[in-house]
Every structure is written in structure tokens, then in C-alpha cells.
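A structural walkthrough
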Amino acid sequence: MYRVSVRRDVIAQHYLTVPNPGPEGELHSHAFTVEVELSGPELNQYGYLVDIDDVKAALDATLSRYRDVTMNELVEFAGQNPSVERFAHQVCEQFVEAATLETPSHISVRIWEDDVASATYETPL
């Protein structure tokens with residue numbers, strides 16, 4: 001199995017909407033680190049699983065939607081708690097739409113909200 005990953009940083013804001021969220025219920029920022037990992041058993045005719053420059057461009061385009069905004073105000077989080085788990089799912093869906101993914105068979109999006117905590121969303125392609 002081949003694996004290719006790309007990381008990018010993005011600063012975004014949110015506030016949690018669960019009962020008794022403590023200080024996380026107030027508007028605050030995170031310096032998120034987003035890692036997209038693509039995997040598959042075969043390489044293309046050029047010996048690539050994916051073109052890393054294309055992955056970088058698609059991830060940059062995806063993250064531009066979240067850069068310096070309040071996630072609670074975005075339609076994809078309407079009526080939902082904007083947890084890092086949901087954020088990983090949304091980034092994955094939007095990245096798949098933006099990227100050219102002919103060879104990979106699986107994607108994983110891991111988002112670190114700080115130095116010790118992360119959430120991952122995975123799905124077959």
C-alpha cells in the first residue's frame with residue numbers, strides 16, 4: 001500500500017454548542033494543523049499515487065473557506081456542534097470534490113486542534 005500525505009495550517013474560530021461546554025462555549029480560535037493522507041495499492045503511469053502539487057493546491061483551496069472565519073456561521077455547521085470531528089469530515093468531503101483522485105482508494109483527514117488532541121475522518125474513495 002502506498003501513502004502520500006500533505007499538511008497545512010489554518011486558523012479558524014468556533015464555539016461549542018453542547019450542554020455545559022465550559023470555556024469552549026465562548027468564541028475562540030485554534031491554529032489547526034490539517035493532514036490529508038491518500039493511500040492505494042497502485043501507482044499511476046508516472047510512478048505516482050497522486051501529484052503532490054495537486055494535493056497541496058486542492059487542500060489550500062479547501063482550507064481557504066475556513067481561514068479566519070467562525071465555523072458556526074457556515075452552512076455546513078448549521079444546527080450542528082462544530083467539533084473537530086465534524087470539521088475533519090467537512091474538510092474531507094470538500095477536498096475530494098476539489099482534488100483529482102484517480103489512483104488512491106482511501107482518504108484520511110486528521111486535524112490537530114492543538115499539540116496533543118486530534119480527530120480523524122476516513123473513507124474509501
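Residues numbered from 1 in each chain as written. Predicted model: local features only at pLDDT ≥ 70, side-chain atom pairs only at ≥ 80, totals over all residues. Heavy atoms only, no water.

By the naming in an unreviewed UniProt entry, the chain is 6-carboxytetrahydropterin synthase, taken from Haloferax litoreum. Check the Cofactor (unreviewed entry) section of the UniProt entry for the chain; it says "Zn(2+)". (UniProt positions renumbered as here; feature names shortened; annotations may be inferred.)

Right, let's get into the sheet that holds strand β1 (residues 2-14). Backbone hydrogen bonds hold the strands of a sheet together, and the pairing may be parallel or antiparallel. Strand order in the open sheet made by the four strands is β1-β2-β3-β4, with antiparallel pairing throughout. At either margin of the open sheet sits one strand with a lone partner, and together these are β1 and β4 (118-124). Neighbour to neighbour, the strand axes of the sheet diverge by 15 degrees on average, direction disregarded. Across seven bridges, the pairing between strand β3 (residues 106-112) and β4 is antiparallel. Among the inter-strand pairings, R110 is bridged to a residue of β4, identified as T120. Sheet contacts for helix α1 (residues 52-64): β1 and β2 (28-40); angle to β1, the most-contacted strand, approximately 20 degrees. Here helix α2 (residues 84-98) sits on the sheet and contacts β2, β3 and β4; the angle it forms with β3, its principal contact strand, is near 140 degrees. (Pairing = 2+ DSSP bridges. Helix = DSSP H or I, 4+ residues; strand = E, 2+ residues; numbered from the N terminus. Axes fitted to C-alpha atoms, helices over the stretch in contact; angles between N-to-C directions. Contact = heavy atoms within 4.5 Å.)

Another point: the environment of T123. Note that T123 resides in strand β4. Exposure remark for T123: the relative accessible area of 22% places this residue in the partly exposed category. C-alpha separation for the pair T123 and H89, spaced 34 residues apart in sequence, amounts to 9.4 Å. (Buried < 20%, exposed > 50% of the residue type's maximum accessible area, 1.4 Å probe, protein only.)

For any pair of aromatic rings, the description rests on two quantities: the centre-to-centre distance and the angle between the ring planes. All told, the structure shown has two aromatic pairs when counted by the stated rule. Plain terms: the ring middles of Y66 and F87 are 5.0 Å apart, the flat faces sit at 70 degrees to each other, and that makes the pair edge-to-face. With Y66 in the loop between α1 and α2 and F87 in helix α2, this pair connects stretches of sequence that are 21 residues apart. With relative accessibility at 0%, the residue Y66 sits in the buried group. (Phe/Tyr/Trp six-rings, centres within 6.5 Å; stacked < 30°, edge-to-face > 60°.)

Right, let's talk about the side chain of Q13 for a bit. Within the fold, Q13 resides in strand β1. Here the side chain of Q13 touches S29 through a polar contact of 3.4 Å, side chain to side chain. When near neighbours in sequence (up to four residues on either side) are disregarded, Q13 contacts L27, H28, S29, D68, V69, T70 and M71. (Polar contact = N/O pair within 3.5 Å; in protein donor to acceptor, adjacent residues only side chain to side chain.)

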